[in-house]
Every structure is written in structure tokens, then in C-alpha cells.
Amino acid sequence: MEVAVIIALGMQDWLDAGIIIGILLLNAVVGWYQEKQAADVVASLKGDIAMKARVVRDGREVEIRARELVPGDIIIIEEGHVVAGDARLICEYDNADGQAQYQAELTAQDVTSPRGEKFEESDEEGTPHIGHAIVAIDQSAITGESLAVDKYMTDTVYYTTGCKRGKAYAVVTAGAQASFVGKTASLVQGAKDSGHFKAIMDSIGTTLLVLVVFWILTAWIGGFYRNLHIVEDSNNLLTYALILLIIGVPVGLPVVTTTTLAVGAAYLAKEKAIVQKLTAIESLAGVDILCSDKTGTLTANQLSVREPFVMEGVDINWMMAVAALASSHNIKALDPIDKITILTLKRYPKAKEMISEGWKTEKFTPFDPVSKRITAVCTHKGVRYTCAKGAPKAVLALTNCSEEQSAIFKEKATEFARRGFRSLAVAVQEEDGPWEMLGMISLFDPPRADTAQTIAEAQALGLSVKMLTGDAIAIAKETCRMLALGTKVYNSDKLLHSDMAGTAIHDLCERADGFAEVFPEHKYQVVEMLQQRGHLTAMTGDGVNDAPSLKKSDCGIAVEGATEAAQAAADIVFLAPGLSTIVSAIKISRQIFQRMKAYIQYRIALCLHLEIYLVTSMIIINETIRADLIVFLALFADLATIAVAYDTAHYEKRPVEWQLPKIWIISIVLGALLALGTWILRGTLWLPDGGVIQDYGSVQEIIFLQVALTENWLIFVTRGFETTPSWQLVSAIFGVDILASVFAGFGWFSDGLGEPSSPASLSTKLSQNGATDIVTIVVIWVYSIACVVVIAIVYQVMTRMKSLNDLGRKKRSAQDTMMENILTHLSKVALEHERDEKGGDRFYLAQKQVIEEEE
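> In this structure, what is going on with the overall build of the protein? I would like to understand it.
What the protein contains, in helices and strands, is 30 helices and 26 strands. Going through the 855 residues of the protein one by one, you find that 51% of them count as buried. Of the contacts formed within the protein by residues at least 6 apart in sequence, a portion of 72% connects residues at least 24 apart. Of the accessible surface of the protein, which amounts to about 39,000 Å², a share of 58% is contributed by carbon and sulfur atoms.

Okay, here's the thing in C-alpha cells:
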């Protein structure tokens, strides 16, 4: 279109140049305004989930957004919170002498400013730390280590890592953008990732541009045979090029598609789904497998304690008291299991009395996926007790239970699991004595009332739901049974530590209904295997550890209550709980996709319509629609269809794909039919009585009106007939149609009789001033409606053809046996290092060692 402006200016065609510039500006302004409106809706919700930081300013603690932190700020880091920037630990929160100790340590390390850190080579043992650990930090998203890392005075804590234990002051050394994680993220974002949507738009735009060049070349060759000049005369080769450039390169294509995505993001925001990047809408629409976590998504995340199991001779009140002591004391960020454990004390008044008798917690170690337990060292009347709570197998391994006691304990744990209960074993150690197993607490998280129905609805949409949970396999199977999800649930160890061939593992992953005892690396593996089979996969997650799998998936979904790290890695963040919100978002994304596909088919057909008609009329009868009217046709098409972003589109019952071959075939047929309809109307104007002309009319205005009407109404065909068009779309198109009719009625920009065609139309009803009577305009409306009806019938027939319906769809569940086996074998190989007696290094390949757990 910019080239068309240059040609128009070169020909001193000021009117056309001005209108084309106006079209460009209109598209830019409308696109900007629509995107801004949608972005404001999303931004208002994003503000609710923005990372916050507790900072000391003007001598008091205030909460600010993390992005407002600057180096030198003093922030407070505490259990359950995410570190809001790279920072150096100063001291514990309640240490009055901490600042002086910190300054002394800085002087000793020669570090005098927030950014003046000095790192020196050290031996393998590292630099000795002063005092005890201040906080424990979960760095799994950065290092991959499952265990929390103890951090001491002057140690650095990193942005987006989570505090698992302790409360401390720290001085900010770098904000989010300049942090270690922020720099890494900028490197990833700096890599050119055009995305699938942009690649599709570029492909369509390039093809249309090639077609324009072809049609211009064809028109010029025809013009040479008619001895047309490049510039002279009203019909010249540059005018042909100008006309074909205006109609052949739709300036509104990127604007309308981007606006549709932006408005779609606003629709999703109303469903409490925040779109982090617009192209995620396209990915979500094409997803065919949803890997969902259990807690909070499939279940209600409302834990309740069922009947506890106590070992023989153990007081149930003592067991509940120990379970409460082995819980976090941070009320602001209380784990759901710890919360329900403490709330259950209301049912056990004696247990509540026990823990109110002067107990003091000396040390608290939060849960980690390696030890699978929580421990707390407490003192009472001078006696030290170590309280433990965690996975039954992990806690049982601490104790010295007899075989008979172990058998009873395991049998009860299995029974609880079969009933869908999550078991929590409780044990205690007095001083340095043996560990005593006290019993088990059974927890139940009921499925959401709407989950089973939602899963059935998802399956009807061609979506396969797989449950990934950290619970035991028996619990996972029972949950799947209650949800009618299928009971092909496997232990996650089969993914990484199996002796099966690579293809067999991929088959297992593809047909499974879920996996139990899942760790973050298993989630990543599931996504990778499904993607290798050609599936588009969505993954839900909420923890810091879920970030890699969320980033890896085609559409990462951070569920309600997710950590900041998970939200940052996700493509879409949900603020409402449950699977129904995700399925609802998939429907909306498919509707958005349908709007874009309908518009693209429509726009390609419009380009081909005028290119076919105009080039053939240029060659056959040496006639074209005036450039002034062509500019208005382009303007009307853009004005009418900007409203397509608000259309009430339907959604397909299967995952959607672009299917470019199908789009092009349908668009070519529609364009050819439109051109045929225009030629039929043009043919009637050679009849002696004027054909379609009733009283008087103009060739230019009649063709202009018929083209405008049929092209505008074509969007009603390509959008489908499953739903009623929105009032915005109908109003916009009807308004443009009335305007086009006014143009024809008054003969605006028709140039009177204009240049005669060859052969010329000799009817006496041709008007001298280019005006067309109202009756003729009505006849053209009726004829145009008939054309659109025929086109709609053809379109319906084509879309119902099975061969065409599946054309261009990628094969999902495609397997490459050789590559899958190779990759699986490579994943089991490790590089080992050892030193010989002379101190030399030696590296060799070996099979990874897998530590088998006892059942």
C-alpha cells in the first residue's frame, strides 16, 4: 500500500494518494485504539498479580511493587515469599546487632557497596560462613536442585527464588531487569522468536504479494498488445499497477487479526484468564492434550481430616499435638496441610492444651521432595523433642517398628490410598532416643462438583485430559475413578527410570490417563514426549518447580494461587480456580481463532475477486474500475470488517489448525465465483436495453456497487452459519452498504460516461453524469443477494467435504521409532569423573545410577 502511495503521488493523483494515506492512518489508529482498550482490561487484572516486595523506607515497612525496587533498598525476606530482586542478606529480622555484624563481615570481604561484590577463587570447601543459616532458599528454578539451600550473612539470594524458612533483612543489589534471572530472560527474549501466528501471516502476505506481481505483469502484457502508454492517457500501465497494488495487498489484514487477538484477550480477561502474550490464544485453541495437576484444579483444594489411625498404645491427642508442632508457624504463608492440621485441633481440646504448655520451637525444617517430611526440634520443660510429619514411607524409615507394626502401618496406608485419602505419618523422638511411630492422619480433598462434567465436555471438544499428581498411585487412581477420567494411571518412575524402549515409553505416555508421584522433571518429560509425537500440549502448574515445564509446553497455564515464578513462565495466568475456567478459555480461544480464519478467507477471496475481474477486463475489453472508486472499495472493506473482532463466532469441536491449503482452495473458489458474478452483471450492460439498468445508470457505479455489496456480505459466508452475527458486525456492514449505494445514486467519482470499453456499451440508458436511479440500485441489491446465496451454498458444500475438511491438518500421534529409542538411551547415559592416584582427571560415559526406594 505504501508503494501505491508513491505511485499516486508520482502521477500527481492527489485524491487517491490522500485517501490511501487516510486508509493507512485509519487502520493504524483503529488498531491502536482497539488494542489499547483490550490491553487496559488485561493490565487491570495483571496489577492484581504483580509481584510485591516489603521494603524499609523512611524508617518504616511498606509494600511496593517489585519493579519499583532500586539497588540499595532494604527488603524483608520471609518464609513463603518470593525474592523480589537479587539481594545480599544482612541479618535475621529480630537480630538487634545484625547491622554491626554485617558491616564487619563486609569489611572483611572488602565489599563496600550493593554492586561492589568481589569474588575470588577458592578451594572446593568454599568460604566458611559466620554463625547459623539465616534463611533457606528454594533455587530449583535456577539450579534444578530439589533441596532448599541454606543462606548465611552476606550471601546472595536471587530474584524469583522462594524463601522456605526464616525471616531476614537484605539489601537489593539488582532489580528485576538487571538480576541474574532477568538477564537470562532478556537473552531468551532477545532471540528472534517470530511465533507460529506471525509465520502464518507472513506466509499469506508473501503469497498475496507474489500474486499481485503476477497480475500486474499479466495486465501490462495485455496493455502492450493494446498499445497502452506507461503514463499518458487515463488508462495507462501505471494506473493498472496502482489499482492492483491497492486491492492486492490488504493493509487491514495485520490490523484486523491483531485487533481480533487483542479483543479476544479482553474476553478471556473477563473469564479471569490473563494472556501474557497474544499468540498464546492461537496455541490454546490448537491444544489437544491438557496435562492438569490435581489439587485445586480437578479437586476443590479444601482439605479435611478424616479418621486418624494411631498405633497401639498411643494417645490420639499426643499424636495430633506432635503433628501441630511439626507445622510451619508462619501464619501469613501457611501450607494448606499445615493449616488443616492446626485447625483440626479444635476437635481435640486436650491436644490443644498440650501444645499451650510452654513449648518452644528451636529449629524448623520445611518439607522438601527428597526427605519427603517436615521436622521441628522443640523443647518442653527442658526436654528436647524432634517431631516429624510427612509421607508414610519416609517417616516409617526413621522408626524402628517391628515387622508386625510395619505391616499394620503399610496396610492402613494402602487402605487410605484406595479410598482416595492422602496419608500423613507422624513420629516423635525424645532427646537422642529411638523414633516412635505415633500414627497417620488421613486427608481428603474432594473433587470439584463440576469437574466430571467439565472433563466430559473437554473430551467432546477433542481434548484429552491427563492428571499429573504428586500423590501415591492408589490415590491418583481413585481420584480418576471418581472423575470418570479413566484409570490408566502409572507411576512416574516409568518415564525416567524404565527399561522399556523409547517408543514403548512414548506409547505409555500417550495412552496414560495420568501419572502419580510426579516431580517437576517428570512434568517436563511428559510435555517433551507428547510434543515429539506431534501433540499440542497445555500444562498447568503453580509452583516454582513447575516453571520449566510451563515454559516447555505449547501453552503454559499458571493456575489460581500460582507463585510469581510460575506466573512469569506461563503464557496464560488464571485467577479463578477449577478446570471449568480452563475449558471455557479453550472455547473462547477457538472462537477467536474462527474470527481470524473467517476474516483471512474473506480477505484473500476479495483480493482474488478484483484481481481476476479487473485483469481479465483490462485484457479483454480494455476497461477497469476507476482508481478513485477502487480506493473506496478498499476503505469500505476495512471499515466493515474491523467489527469482526466483536462477532459472535462459533467454536469447533476439535483442536483447530490453520490448514493453509484448505484456506487457499476455498478462497480461490470464492474469489472466482465473485468475479464470475461481476462479469455476468457487466455482460448485461452490453444489451441494447441496458440490461440491469431500469431508468438510467453508470457502468462504473453499477460495477462498484455490486462489488461493494457482494464483498461486504461475503464475511457472513466465511464466518459460518452456526451462530447469529453480532450487531456490531451487521451495523458496520449495513452502514457501508448504504454509503456505497449513495455513491452509486449520485455518481460520485464515476467520471460520467468514462472511457468506453472495447466493444463499447451503446445503451441509451447510460447517464451522462454517472448517476444511477434508485430502482436500478434495488435490482443490484437483489442480484448481489442472489450471488451471495449461491456462494454460500458452494461454501457449505466445500466445508462438508471430508477430503477438504482434513486437508492441511498435521498428523498428531506421529512416531519416529528410531529417534525415540536413540533419545531414550541417551537420557540414561551420564558423564562420570574420577581422579587417579597421580591426581589426573579421567572422564568416561556410564549408565545413570538410579536409587530404588523401598516399597
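Moving on, there is more to tell.
> What should I look at first to understand helix H23 (residues 579-621) in this one?
Because an α-helix completes one turn every 3.6 residues, residues spaced three or four positions apart along the sequence face the same direction. The terminal C-alpha atoms of H23 lie 62 Å apart, and with 43 residues this matches the ideal 63 Å at 1.5 Å per residue to within 8%. Most of H23 is tucked away, with 36 of its 43 residues classed as buried.

> Help me understand the pairing of strand E2 (residues 60-65), please; the structure alone is not making it clear to me.
Each regular strand displays side chains that alternate between the two surfaces of the sheet. Examined bridge by bridge, strand E1 (residues 52-57) and E2 share six bridges and lie antiparallel to one another. Looking across to E2, one finds that Arg54 is bridged to Glu63. Connecting the antiparallel pair E1 and E2 is a turn made up of two residues, with Asp58 showing a positive phi of about 55°.

> What should I look at first to understand the packing of aromatic side chains in this one?
Taken as a whole and assessed by the stated rule, the structure comprises 21 aromatic pairs. Between Tyr599 and Tyr602 the ring centres are 5.9 Å apart and the planes differ by 40°, which places this aromatic pair in the tilted class. With a gap of three residues between them, Tyr599 and Tyr602 both fall in helix H23, about one helical turn apart. Comparing Tyr599 with Tyr602 shows no difference in burial state: the two are buried. Through pairs of rings, three or more aromatic residues link up here, namely Phe632, Phe636, Phe704, Phe743, Phe746, Trp748 and Phe749. Here the basic side chain of Lys167 rests over the ring of Tyr93, its NZ or CZ set 3.9 Å away from the ring centre. Seen from the ring of Trp686, Arg682 lies directly overhead, with NZ or CZ sitting 4.3 Å from the centre.

> Whenever I open this one, the packing of helix H26 (residues 699-718) against helix H28 (residues 774-799) confuses me. Can you help?
Helix packing for two helices is described by the angle between their axes and how far apart those axes are. Two numbers describe how H26 lies on H28: the axes approach to 9 Å, and their chain directions differ by 35°. For the pair H26 and H28, the sense of crossing is right-handed. Residues Ile702, Leu705, Gln706, Leu709, Thr710, Trp713, Leu714, Val717 and Thr718 of H26 lie in contact with H28, whose contacting residues are Thr776, Ile777, Ile780, Trp781, Tyr783, Ser784, Ile785, Cys787, Val788, Ile791, Ala792 and Tyr795. Taken together, the residues of the contact of H26 with H28 sort by class into 16 nonpolar, five polar and no charged.

> Mind showing me how you'd approach a nonpolar patch on the surface here?
On the surface, a nonpolar cluster with roughly 440 Å² of combined accessible area is contributed by Ile785, Val789, Ile793, Val797 and Met801. Mapped onto the fold, Val789 is located in helix H28. On the basis of relative accessibility, which here comes to 45%, the residue Val789 falls in the partly exposed class.

> Which parts of the structure should I look at to understand the sheet that holds strand E8 (residues 162-165)?
Across a sheet, paired strands are connected by hydrogen bonds in the backbone, their directions being either parallel or antiparallel. Sheet architecture is open: three strands sit in the order E6-E5-E8, paired in antiparallel fashion. With partners counted over all chains shown, the strands left at the sheet margins are strand E6 (149-151) and E8, one partner each. In this sheet, neighbouring strand axes are inclined to one another by 45° on average, regardless of whether the strands run parallel or antiparallel. Here three bridges tie strand E5 (residues 135-138) to E6, and the two strands are oriented antiparallel to one another. Looking at the pairing, Ala136 lines up with Asp150 of E6.

> Any chance you could explain the sheet that holds strand E4 (residues 86-92) here in plain terms?
Taken in spatial order, the six strands line up as E2-E1-E3-E9-E4-E7 in an open sheet, and their pairing is antiparallel. Two strands close off the open sheet at either side, each with one partner strand: E2 and strand E7 (156-157). Here E4 pairs with E7 via two bridges, running antiparallel. Within E7, the residue paired with Arg88 across the bridge is Thr156.

> Could you clarify how one ought to interpret empty space enclosed by the protein in this entry?
Using a probe with the size of a water molecule, rolled over the atoms, empty space left in the structure can be pinpointed. Counting across every chain of the model gives four cavities of 30 Å³ or more. The volume enclosed by the largest cavity comes to roughly 70 Å³. Lining of the largest cavity is provided by Ile246, Ile247, Arg603, Leu606, Leu610, Ile630, Leu633, Ala634, Ala637 and Glu711. Elements represented by at least two residues in the lining of the largest cavity include exactly helix H7 (237-248), H23 and helix H24 (627-641). When the residues that make up the lining of the largest cavity are grouped by side-chain class, the tally is eight nonpolar, no polar and two charged. The calculated volume of the second largest cavity comes to roughly 40 Å³. In terms of residue count, the dominant contributor to the lining of the second largest cavity is H26 (three residues). Within the lining of the second largest cavity, the residues separate by chemical class into four nonpolar, three polar and one charged.

Thresholds, definitions, all that
Residues numbered from 1 in each chain as written. Predicted model: local features only at pLDDT ≥ 70, side-chain atom pairs only at ≥ 80, totals over all residues. Heavy atoms only, no water. Helix = DSSP H or I, 4+ residues; strand = E, 2+ residues; numbered from the N terminus. Buried < 20%, exposed > 50% of the residue type's maximum accessible area, 1.4 Å probe, protein only. Contact = heavy atoms within 4.5 Å. Areas by Shrake-Rupley, 256 points an atom, 1.4 Å probe, with all protein chains shown as cover. Expected span 1.5 Å × (residues − 1). Pairing = 2+ DSSP bridges. Phe/Tyr/Trp six-rings, centres within 6.5 Å; stacked < 30°, edge-to-face > 60°. Lys NZ or Arg CZ within 6 Å of the ring centre and 35° of its normal. Axes fitted to C-alpha atoms, helices over the stretch in contact; angles between N-to-C directions. Left-handed = near helix turned anticlockwise from the far one by under 90°. Nonpolar A, V, L, I, M, F, W, Y, C, P; charged D, E, K, R; others polar. Patch = residues over 30% accessible without salt bridge, like charges linked within 9 Å, V, L, I, M, F, W, Y side chains within 5 Å. Salt bridge = Lys/Arg side-chain N within 4 Å of Asp/Glu carboxyl O. 1 Å grid on protein atoms, 1.4 Å probe; cavity = no way out; pocket = protein on both sides within 12 Å on 5 of 7 lines; lining within 4 Å. Points joined across faces, edges and corners; volume = space filled by probe spheres on them.

These figures come from the coordinates and say nothing about function on their own.
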